[in-house]
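Chains, contacts and geometry: an overview
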Amino acid sequence: MSIKVKDLSKHFSSQKAVDSISFEAKPGRILGFLGPNGAGKSTTMKMLTGYLAATSGSIEICNKDILTDGLAIKKQIGYLPENTPLYTDMYIREFLSFVGETYQIENLTHRVEDVIKQVGLTPEQHKKISMLSKGYKQRVGLAQAIIHNPQVLILDEPTSGLDPNQLADIRTLIKNLGQDKTVILSTHIMQEVEAICDEVIIINKGKIVANATIDELKAQNKTNSLEEVFRKLTN
């Protein structure tokens, strides 16, 4: 089991952003993490990556506790936040080399080459990040998330701003990565979830309201529309 969350909560003053949630995510499975704006998705992801401390509860990643082995866990996680922080004055190769150096990657030049090809940045590889379209900046964000070959990938709105062709490429990339990694994917696009995800968690007002495969959710709610399931459980 790559990720095990138990009774996880996060309070901001009197507000319960995340309210005692528990779930597991397994290697070789892509888990869709869905919810309306303000439901607690990004807060949960930030706790999983160690960017936010939990108010209570526990997180285990790769059989390590985030409270006692936080640094070791971070080495096993690739994180793409919703608003990807990039050094826009750097060139693509320069930026990816910089990120790779923080992970002390061996054969870094070769690894940078591989990742650039993997995420489809080859046509833009000699440009500064500031010169890239939003879609290509998103690819740079994905590249930095996977450069150290992590066991766990946490992707917050990974296809935001992509055109239909780019969208298909990134979907394929995520599915391929999900064959041997644990992937948690947050998105508002239901077609994205149906195309990529094996299982789905829906969170609303800080609580998990569904945790099942897409087919199970549709059967439980007597509909063929995941969007209808989502609206029923979060309205």
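Source: prediction; values computed, not measured.

1. Topic: the overall build of the chain
For the chain, the count of helices and strands is nine helices and 10 strands. Counting only C-alpha atoms and orienting by the principal axes, one finds that the chain spans roughly 50 × 40 × 30 Å. Taken over 235 residues, the chain has a buried fraction of 50%. In the chain, the share of contacts with a sequence separation of at least 24, taken over all contacts with a separation of at least 6, comes to 67%. Summed over all atoms, the accessible surface of the chain reaches about 11600 Å², with 45% contributed by carbon and sulfur. Taking the 28 positively charged and 27 negatively charged side chains of the chain as two groups, their mean positions are separated by 3 Å.

2. Digging into the sheet that holds strand β10 (residues 207–213)
Taken in spatial order, the six strands make up an open sheet running β6-β7-β8-β3-β9-β10, and their pairing is mixed. On the outer flanks of this sheet lie β6 (77–80) and β10, each paired with one strand and no other. For this sheet, the mean angle separating the axes of adjacent strands, direction not counted, is 15°. Direction of pairing for strand β3 (residues 30–34) relative to strand β8 (residues 182–186): parallel, over a ladder of four bridges. Paired with G32 across the bridge in β8 is L185.

3. Regarding the packing of aromatic side chains
Think of a pair of aromatic rings as described by two things: how far the centres are apart, and how the planes are tilted against each other in angle. Throughout the structure, instances matching the rule amount to four aromatic pairs. Taking 5.7 Å as the distance between ring centres and 80° as the angle between the ring planes, the aromatic pair formed by Y87 and F98 counts as edge-to-face. A residue pair is termed long-range when its members are at least 10 positions apart, and Y87 in the loop between β6 and α3 (92–102) and F98 in helix α3 qualify at 11 residues. A residue is classified by how much of its surface remains accessible, and F98, at 36% relative accessible area, is partly exposed. Through pairs of rings, three or more aromatic residues link up here, namely Y87, F95 and F98.

About the cut-offs
- Each chain has its residues counted from 1, following the order in which its sequence is written.
- Given that the model is predicted, a residue must reach a pLDDT of at least 70 before its local features are reported, and side-chain atom pairs must reach 80 or more before they are shown or counted; all residues, however, enter totals for whole chains, interfaces and linings.
- Calculation of side-chain values draws on the structure's entire complement of heavy atoms; hydrogens and water are dropped beforehand.
- Helix and strand assignments follow DSSP, with helices taken as H or I runs no shorter than four residues and strands as E runs no shorter than two, numbered in order from the N terminus.
- To sort residues, take the accessible area from a 1.4 Å probe on protein chains only and compare it with the maximum for the residue type: under 20% means buried, over 50% means exposed, and anything in between is partly exposed.
- Residues are treated as being in contact if the distance between any of their heavy atoms lies within 4.5 Å.
- With residues, only the protein chains shown are counted as cover, and all accessible areas are computed by Shrake-Rupley using a 1.4 Å probe.
- In this tally, Lys and Arg are treated as positive and Asp and Glu as negative; His is ignored, and so are the chain termini.
- Just so you know, the charge point we use is NZ for Lys, CZ for Arg, CG for Asp and CD for Glu.
- Pairing between two strands is assigned when DSSP locates at least 2 bridges connecting them.
- Every axis in this analysis is a line fitted to C-alpha atoms, fitted for helices over the stretch in contact. Angles between the N-to-C directions lie between 0 and 180 degrees.
- Two rings belonging to Phe, Tyr or Trp (six-membered ring only in the last case) form a pair when the distance between their centres is within 6.5 Å. Interplanar angles under 30 degrees mark stacking, angles over 60 mark edge-to-face geometry, and anything in between is tilted.

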